[in-house]
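Each chain, letter by letter, is given below.
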Amino acid sequence: NTVSEQYARELQESDDDVRTGWLGHQLRLRGITLAGVTNGINPADFNASRGKAQLGLTASFDVAKGRLAGKRACKESLLKSLGSRRKRGKVSQAGRLALHLDQPLLTFIGRLTAQKGVDVLLAACDELLREDSGFQLLVLGGGDPDLEEQLATLAEAEEFMGRICFLRGYDQELASKVYAAGDFFLIPSLYEPCGLTDYIAQLLGNLPIVHHVGGLVKVLDGRTGFSYREHSGEALAEAVRRALALYRLDPAAIRNMQVQAVQHVREQYSWDRVKDRYLSLYDQSVRMACTALVREVLA
């Protein structure tokens, strides 16, 4: 069993299985099929309508009902706090963000590794920052020292001052504020067995832009987020351009996508729904085992 249907297929039907030492292919040669069941989430844990009390946000808001004044307040509060560099517990800051409320805010939260596509993120953002001055980028995370240094250098570059901020380290409450403030959430993973950050981002009105791979295929391009196929800076940059264009030209379409994204998570991926898929798989496994045992006894 794997934690998404697509990842199960990738392990048994594609060269991506090289990362397991070809285990998926060896299992398939022996007649063993990997079954995928996409992980779920408890939407109540990321309930934006109780964001102030439950998540420590500046204000609460309701994405599903299109009530987003509180989300704008969350964005304003975070931008103000990132207007100057300061230490936040174990999280240090490079660069800063200017108070441009009407500019789209791109966000990333996660481990800074090639597996999470941070090298691709750097390539795409260096290109985008030079061609488009009308958006901001906020990155929270830690990991590969070389990737951390590249992000810090980019954030401190004079030409991008006020447009990019790198928060090195991790803090749960700060992460919730980044999710709530962001307009778009970047997930450029090289591979991803399931992906949970896309759920969290969607529940907080932050539309994911994802590499169409593994568990991330559950993000529906143009409906609950944006996706791209090729694992490259150019492909990610093009997906971001599409998202920015829609944000600027058709705000109503963005709001509709935010609503659809929350509904999709609640209807398809809450644990109340997903647990039944796991139980069905386990029940099937028991029946198969019992059938095999009966055949062995009769033989």
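Up top you'll find the structure we're talking about.
All of the points below concern the structure found in this document. (Residues numbered from 1 in each chain as written. Predicted model: local features only at pLDDT ≥ 70, side-chain atom pairs only at ≥ 80, totals over all residues. Heavy atoms only, no water.)

Details of the pattern of salt bridges
- One pass over the full model with this rule turns up 17 salt bridges.
- Two residues, Arg 241 and Glu 131, come together in a salt bridge whose shortest N-O distance is 2.6 Å. Highlighted residues: Arg 241 in helix H9 (residues 233-249) and Glu 131 in helix H5 (residues 118-131), separated in sequence by 110 residues.
- Classification of Glu 131 by relative accessible area gives partly exposed; the value is 46%.
- One salt bridge in this structure joins Lys 275 and Asp 276, with 3.8 Å as the shortest N-O distance.
- Lys 275 gets classed as partly exposed once you look at its relative accessible area, which sits at 39%.
- By relative accessible area, which is 43% here, Asp 276 ends up partly exposed. (Salt bridge = Lys/Arg side-chain N within 4 Å of Asp/Glu carboxyl O. Helix = DSSP H or I, 4+ residues; strand = E, 2+ residues; numbered from the N terminus. Buried < 20%, exposed > 50% of the residue type's maximum accessible area, 1.4 Å probe, protein only.)

Digging into the packing of H5 against H9
- Interhelical geometry of H5 versus H9 gives an angle of 50° and a closest axis separation of 8 Å. Put simply, H5 runs oblique to H9. In this structure, the crossing between H5 and H9 has a hand that is right-handed. Between H5 and H9, the contacting residues are Val 120, Leu 121, Ala 123, Ala 124, Glu 127, Leu 128 and Glu 131 on the first element and Gly 233, Leu 236, Ala 237, Val 240 and Arg 241 on the second.
- Tallied by class, the residues present in the contact of H5 with H9 amount to eight nonpolar, one polar and three charged. (Axes fitted to C-alpha atoms, helices over the stretch in contact; angles between N-to-C directions. Parallel < 35°, antiparallel > 145°, perpendicular 65-115°, else oblique. Left-handed = near helix turned anticlockwise from the far one by under 90°. Contact = heavy atoms within 4.5 Å. Nonpolar A, V, L, I, M, F, W, Y, C, P; charged D, E, K, R; others polar.)

Side note on unusual backbone geometry
- Although it is not a glycine, Trp 22 adopts a positive phi angle of roughly 65°.
- Relative to the assigned elements, Trp 22 resides in the loop between helix H1 (5-13) and helix H2 (23-29).

A short note on the side chain of Gln 115
- As for its position among the elements, Gln 115 is in the loop between strand S2 (105-109) and H5.
- Apart from the residues lying within four places of it in its own chain, the contact partners of Gln 115 are Ser 189, Leu 190, Tyr 191 and Glu 192.

What about the environment of Lys 75?
- Structurally, Lys 75 is set in helix H4 (residues 69-81).
- Between the C-alpha atoms of Lys 75 and Gly 182, which are 107 residues apart in sequence, the distance is 7.0 Å.
- When residues no more than four places from it in sequence are discounted, the contact partners of Lys 75 are Leu 101, Gln 103, Pro 104, Leu 105, Ala 181, Asp 183 and Tyr 247.
- At 3.0 Å, the side chain of Lys 75 and the backbone oxygen of Leu 101 are in polar contact. (Polar contact = N/O pair within 3.5 Å; in protein donor to acceptor, adjacent residues only side chain to side chain.)

So, the sheet that holds strand S5 (residues 184-187)
- Taken in spatial order, the seven strands of this open sheet run S1-S4-S3-S2-S5-S6-S7, and their pairing is mixed. Pairing within the sheet leaves two strands with one partner each, and these edge strands are strand S1 (92-97) and strand S7 (226-228). Neighbour to neighbour, the strand axes of the sheet diverge by 15° on average, direction disregarded.
- Here five bridges tie S2 to strand S3 (residues 136-141), and the two strands are oriented parallel to one another. Following the sheet pairing, Phe 108 is matched in S3 by Val 139.
- Sitting on the sheet, helix H10 (residues 251-268) touches S5, strand S6 (207-211) and S7, and the angle it makes with S6 is about 80°. (Pairing = 2+ DSSP bridges.)

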